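Breakdown of the fold
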4 protein chains.
Amino acid sequence: MVGRPRSEASRRAILEAALRLCERDGYPNVTLKAVAAEAGTGRQTLYRWWNTKADVLLEAMTTIVAPRIPPSPPDLRSFLLDTFALTDGVAGRVVVGLMAEAQSDPDLAERLRTLLIGPRRAALRKVLEGALSSHADLDLTVDMIFGAMWYRLLNRHAPVDAALAEEITDLVRRIS
Amino acid sequence: MVGRPRSEASRRAILEAALRLCERDGYPNVTLKAVAAEAGTGRQTLYRWWNTKADVLLEAMTTIVAPRIPPSPPDLRSFLLDTFALTDGVAGRVVVGLMAEAQSDPDLAERLRTLLIGPRRAALRKVLEGALSSHADLDLTVDMIFGAMWYRLLNRHAPVDAALAEEITDLVRRIS
Amino acid sequence: MVGRPRSEASRRAILEAALRLCERDGYPNVTLKAVAAEAGTGRQTLYRWWNTKADVLLEAMTTIVAPRIPPSPPDLRSFLLDTFALTDGVAGRVVVGLMAEAQSDPDLAERLRTLLIGPRRAALRKVLEGALSSHADLDLTVDMIFGAMWYRLLNRHAPVDAALAEEITDLVRRIS
Amino acid sequence: MVGRPRSEASRRAILEAALRLCERDGYPNVTLKAVAAEAGTGRQTLYRWWNTKADVLLEAMTTIVAPRIPPSPPDLRSFLLDTFALTDGVAGRVVVGLMAEAQSDPDLAERLRTLLIGPRRAALRKVLEGALSSHADLDLTVDMIFGAMWYRLLNRHAPVDAALAEEITDLVRRIS
DNA sequence: TCGTAACCGAGACGGTACGTCCCGTCTTGCG
DNA sequence: CGCAAGACGGGACGTACCGTCTCGGTTACGA
């Protein structure tokens, strides 16, 4: 026998509530109790399908935020402009919170790499393949470009904006 | 009346206990209750002198960990080797935890920049000044070098080790 | 149209499962969820035909336990021996649990009196009519005899056994 | 070292809140969560000193209700009048609830006998010693008198009032 | 004989109490 | 007056059961 099927409405409501609260209160101040309340759902419904706050927000990122990412444009400049634009909202806060949590949760770290970080790395790598003459330093370049982005996202000593995209594009053009 | 002076012994015990628990359990799993217990100190003693977990660990970083940092050597290669060596212990975990917490605590973010991140940026900048012919991209280069370090620290797709130091040194040498 | 008739098998299974769990876990620890599971039945089937745990167990008492009560013998001694023998099993636990629940459920209290307690009172009264010369204290005597039984059932300072039946019979014989 | 002493105010507040809720909602509908809320106390404070609802209410009975019981008068009639008067309030509801819970908690049953039921039995026994010529049936008589009381308390087919006290006194006088 | 209405199991739903943990504050006595 | 101890009010945790709701599948009557 089958039983009542899972409610897609509750699933969406929970994921969206989690993002909303993350935006309002910041990742570490989000509680699963508040997510359930905000989603108008029972607490058990949440725990039935996810184990932790990170689980919920990781799924929110992959099923709600990720589809909004535009398809990778072929040139580095556009790619960086698109990518950096994304960081300026919930997505940034969430992914930083997930990253922090992943530091003491190897399983989450693994999924984070596979589902979120890895694909973006691959996309940047592909774009760089067309831009760099030498392929020797491809991975290092990826690390340094996304590194600069992450570093600024976290430390906020400078914005992750169009200007950064232009500067990086210039630099890459010169050394290639 | 002046009363009894603050116990330096308790202060050290608390800072060291905080680092020890951070190493053992990871930053987000450390509780101030556990720190007090580990330090053999009362809870109120802790709250009398610090407000939050981040406060304690920030002070632990500046007074226990920072003095262990060797004085900046003049060449980039040595600087990076020294710096990357530091990340491979509690220091890395703590600073990542602080950074994550700073995302929703502007005051902590400010102190983090002033006390920990800023000085290292300044040191790298100084070293780079001797290495780069053009000074145009100095800040961007700092961002990309430390960015790569942070990015790997967080995402763990590759180690922050001597090899990375060498690769970065090479790259900088070529473009300068 | 009439539709599928109620499953007598499920009904029996539920009533018997309820008694079984009452015996094993005690009335207050029985949950309707566990009853349904034990009976191998759906939860809705249970709620379709009964409203509460008390409903189920009251029906279990009247349709499964009550029929096992032997027909009232004419003499007090035999009546008490039969009655007291019944208390030494699930029946005692269930009826005490129902009684406790009835304290805050007037409707259940009413049904309990009508279906379980009243008939036994009437039976004892009838037996006593033959034994007591004066009818003045008939109701009081019923209260005191069944009272002693209940009191011991609940407080367990002494057993409800054949010895009690003999003592009561003696006492009644003397005062009649 | 000593630590902060237990708050007598919280203790009283909890015991009184428990009785108040018992009166308002009935023993089985009282939750420890609601007791803490009603008492204006933290939930942990409650669990620190008591394990279960029954623990709380047993202490409430012994420290708040029991002291109100007048000292045992020498004659049976007065004793029963006093005793029956007590049953007509929270005390009755609570003690019935405790008794029901004790059916599946042997430890509670033991404490209930020792702290509440036993002393009342002893008191009635003492009063009866002066009233009954034969001591043979002393315990049985205690069982039947308190039994009648309990039976009516639970089943509510007749009140536990002055009339009952008079009837029982009469009956005892006649058979003694 | 076959449609259909009410049954059945399974199990997810929103809700709420459970007992535990930690928070940051407070109240003791000792040094 | 700092300190350790530890109780305080508060609130989130993850679990269990509540009573309700949907599913797909199963009878057994009556058209």
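Details of the structure are given in the entry above.
Predicted, not measured: the structure shown is a model, and the values here were computed from it.

A grouping of Lys33(A), Arg43(A), Lys33(D) and Arg43(D) is seen on the molecular surface, where their side chains present a positively charged patch. Tracing the chain through its elements places Arg43(D) in helix 3 (residues 43–49). Using a relative accessible area of 43% as the deciding quantity, one classes Arg43(D) as partly exposed.

To go from the first copy of the chain to the second, apply a rotation about an axis and then a shift along the same axis. Aligned on chain B, chain A shows an RMSD of 0.1 Å; the corresponding rotation is 180 degrees and the shift along the axis is 0.0 Å. The two molecules are tied by a two-fold rotation axis, judged by turn and shift. By C-alpha distance to the rotation axis, the residue of chain A lying nearest is Gly147(A), at 1.9 Å. The overlap is high: 100% of the interface residues of chain A also sit at the interface in chain B, so the same surface is used on both sides.

Here the focus is the protein's contact with DNA strand E. For DNA strand E, the set of nearby residues contains 48 residues, the closest of which are Thr41(A), Arg43(B), Gln44(B), Arg43(D) and Tyr47(D). The sugar-phosphate share of atoms of DNA strand E within 4 Å of the protein amounts to 64%. In this structure, a phosphate oxygen belonging to DNA strand E sits 2.9 Å away from a main-chain N or O atom of Leu32(B). Of all the secondary-structure elements, those providing two or more residues to the surface near DNA strand E are helix 3 (43–49) of chain A, helix 2 (32–39) and helix 3 (43–49) of chain B, helix 3 (43–49) of chain C together with helix 2 (32–39) and helix 3 of chain D. The dominant element in the surface near DNA strand E, judged by the number of residues it contributes, is helix 3 of chain A, at five residues. Grouping the amino acids of the surface near DNA strand E by side-chain chemistry returns 14 nonpolar, 20 polar and 14 charged.

The two units chain B and chain C are non-contacting; their minimal C-alpha-C-alpha distance is 36 Å. For the non-touching pair chain B and chain D, the nearest C-alpha separation works out to 10 Å.

Residue and element names in this part refer to chain B. When the terminal C-alpha atoms of helix 9 (residues 162–175) are compared, their 20 Å separation across 14 residues agrees well with the 20 Å that a helix rising 1.5 Å per residue should span. All of the buried residues in helix 9 are Leu164, Ala165, Ile168, Thr169, Leu171 and Val172. The arc that holds every buried residue of helix 9, seen down its axis, measures 165 degrees, which confines them to one face. Set apart from the buried face of helix 9 by more than 90 degrees, the exposed residues are Arg173 and Arg174.

Neighbouring DNA strand F are 49 residues; Tyr47(A), Ser7(B), Gln44(C), Gly3(D) and Thr41(D) lie closest to it. Each atom of DNA strand F within 4 Å of the protein belongs either to a base or to sugar and phosphate, the latter forming 64%. The separation between a phosphate oxygen of DNA strand F and a polar side-chain atom of Ser10(B) is 3.5 Å. At 2.8 Å, a backbone N or O of Gly42(B) approaches a phosphate oxygen of DNA strand F. Elements supplying a minimum of two residues to the surface near DNA strand F: helix 2 (32–39) and helix 3 of chain A, helix 3 of chain B, helix 2 (32–39) and helix 3 of chain C together with helix 3 of chain D. Among the elements that line the surface near DNA strand F, the one with the most residues is helix 3 of chain D, at five residues.

Reading the values: rules and limits
Residues numbered from 1 in each chain as written. Chains lettered and ligands numbered in written order. Predicted model: local features only at pLDDT ≥ 70, side-chain atom pairs only at ≥ 80, totals over all residues. Heavy atoms only, no water. Patch = residues over 30% accessible without salt bridge, like charges linked within 9 Å, V, L, I, M, F, W, Y side chains within 5 Å. Areas by Shrake-Rupley, 256 points an atom, 1.4 Å probe, with all protein chains shown as cover. Salt bridge = Lys/Arg side-chain N within 4 Å of Asp/Glu carboxyl O. Lys, Arg positive; Asp, Glu negative; His and termini not counted. Charge placed at Lys NZ, Arg CZ, Asp CG, Glu CD. Helix = DSSP H or I, 4+ residues; strand = E, 2+ residues; numbered from the N terminus. Buried < 20%, exposed > 50% of the residue type's maximum accessible area, 1.4 Å probe, protein only. Least-squares fit on C-alpha atoms with pLDDT ≥ 70 in both. Contact = heavy atoms within 4.5 Å. Near = heavy atom within 4 Å. Polar contact = N/O pair within 3.5 Å; in protein donor to acceptor, adjacent residues only side chain to side chain. Nonpolar A, V, L, I, M, F, W, Y, C, P; charged D, E, K, R; others polar. Expected span 1.5 Å × (residues − 1). Arc of directions from axis to C-beta.

By themselves these figures say nothing about function.
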